[in-house]
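Tertiary structure, described
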Amino acid sequence: MNDDSALILDGVFYRVPSLDILQGVHLKAHAGAITGLFGRNGSGKTTLLKVAAGQIQPNSGLTIIDGTRLHKQSKWKRFSTVAYLPQESMLPPDVTVRTLVRSAGLSSHHVPDQLASSPTRTVRTLSGGERRLLEVAIVLGLERDYVLLDEPFTGVEPLLIDAIGRRIEEAAAQGTGVLLTDHYHQHVTPLADDAYVLWQKQCVPLDGDAPLHDQLVEMGYLRTDAAARS
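Overview of the structure. (Residues numbered from 1 in each chain as written. Predicted model: local features only at pLDDT ≥ 70, side-chain atom pairs only at ≥ 80, totals over all residues. Heavy atoms only, no water.)

**Here we look at the environment of Leu70**
Rules: By definition, any uninterrupted DSSP run of H or I lasting at least four residues is a helix, any uninterrupted run of E lasting at least two residues is a strand, and each is numbered from the N terminus. Only protein chains enter the accessibility calculation, which uses a 1.4 Å probe. A residue is then buried if its area is under 20% of the maximum for its type, exposed if over 50%, and partly exposed in between.
Note that Leu70 resides in strand 5 (residues 68-70). A residue is classified by how much of its surface remains accessible, and Leu70, at 7% relative accessible area, is buried. Residues Leu70 and Ile138 lie 68 residues apart in sequence; the distance between their C-alpha atoms is 25 Å.

**Focus: helix 8 (residues 212-219)**
An α-helical turn contains 3.6 residues, so a residue and the one three or four places further along point in the same direction. Test applied: The reported arc concerns the directions from the helix axis to the C-beta atoms and nothing else. Note on contacts: a residue pair qualifies if any of its non-hydrogen atoms lie within 4.5 Å across the two residues.
Every buried residue of helix 8 is accounted for by Leu212, Gln215 and Leu216. One side of helix 8 carries all its buried residues, which in axial view fall inside an arc of 100°. Its buried side turned inward, helix 8 meets strand 3 (34-38) and strand 9 (194-199). Downstream of helix 8 by one or two residues, Gly220 has phi in the positive range, about 90°.

**Comments concerning unusual backbone geometry**
The phi angle at Glu143 is positive, at roughly 60°, despite the residue not being glycine. Residue classification places Glu143 among the exposed residues on the basis of a relative accessible area of 62%. A positive phi angle, close to 70°, is found at Lys201, a residue other than glycine. In this fold, Lys201 is placed in the loop between strand 9 and strand 10 (202-205).

**Brief notes about the environment of Gly175**
Along the polypeptide, Gly175 turns up in the loop between helix 6 (158-173) and strand 8 (177-181). Put simply, Gly175 and Glu143 are 32 residues apart on the chain and 9.6 Å apart in space, counted from C-alpha to C-alpha. Contact partners of Gly175, with chain neighbours within four places excluded, come to Ala31, Gly32 and Asp145.

**Side note on the pairing of strand 9**
Convention followed: In this analysis, strands are considered paired if DSSP registers two or more bridges between them.
Examined bridge by bridge, strand 3 and strand 9 share four bridges and lie parallel to one another. Pairing of Gly36 across the sheet is with Ala195, part of strand 9. Across four bridges, the pairing between strand 9 and strand 10 is antiparallel. Each residue of the ladder has a partner; that of Leu198, found in strand 10, is Cys203. Where strand 9 folds back on strand 10, the antiparallel hairpin that results is connected by two residues, among which Gln200 adopts a positive phi of roughly 55°.

**Digging into the nonpolar core**
Condition: Buried residues of nine kinds, namely Ala, Val, Leu, Ile, Met, Phe, Trp, Tyr and Cys, make up a nonpolar core once their side-chain atoms join them within 4.5 Å.
Within the largest apolar cluster, 31 residues are counted, with the highest numbers of intra-cluster contacts made by Leu149, Phe153, Ile168 and Leu180. Counting only elements with at least two residues in this core, the list comes to strand 3, strand 6 (82-85), helix 5 (128-141), strand 7 (146-150), helix 6, strand 8, strand 9 and helix 8. In terms of residue count, helix 6 provides more of this core than any other element does, seven residues in total. Setting aside residues no more than four positions away along its own chain, Leu180 makes contact with Ile34, Thr35, Gly36, Leu37, Leu149, Pro152, Phe153, Ile168, Val188 and Leu191. Counting 25 residues, the second largest nonpolar core, distinct from the first, contains Leu48, Tyr84, Tyr146 and Cys203.

Put into structure tokens, the structure is as follows:
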């Protein structure tokens, strides 16, 4: 893979009054691969995804998609190429599953199997896990070249976590570049082809040839099993 088939964030700085959040971040998410982004609470993971999605403007830095540098006037390029799943639920509570899928321009085969038998259910009647599965299915169903997923597994029951993971893997197998972050690191590490840790306001790349869990322990992001039990 090369830079002509990747979403690259290069030299990204983002600050708010009296606080630097990102300082020279560099990250590369390849097309057809799942890139895991790890980091402690408040490290800037959501901020970085919002920069990549074009939802917030960094103080400086580049976004490069498939070799093309994006500028402020290039929002159409970003929005036609990148889809973003925020942490917060994005679905209106009183709309049915069927209506949501049709409104997104998707067909019935995009509806998760767990919801296919009840297309007239409203979002309000779905469990938190069902709602998150539907959101992931809709975002992936848009068939953008790159998809950014912020906390897709949080608050989701185990069976639906497996269903979400399968959809992410299927999207990557079809050529989508997925940038994924979640506090439930144990659900991210088996999926990730590449990984970064947001550490001291920068992205540190992890070695794809070594176990991600061991590297996260070595960096101090995770405790050892023995320490966790004590």
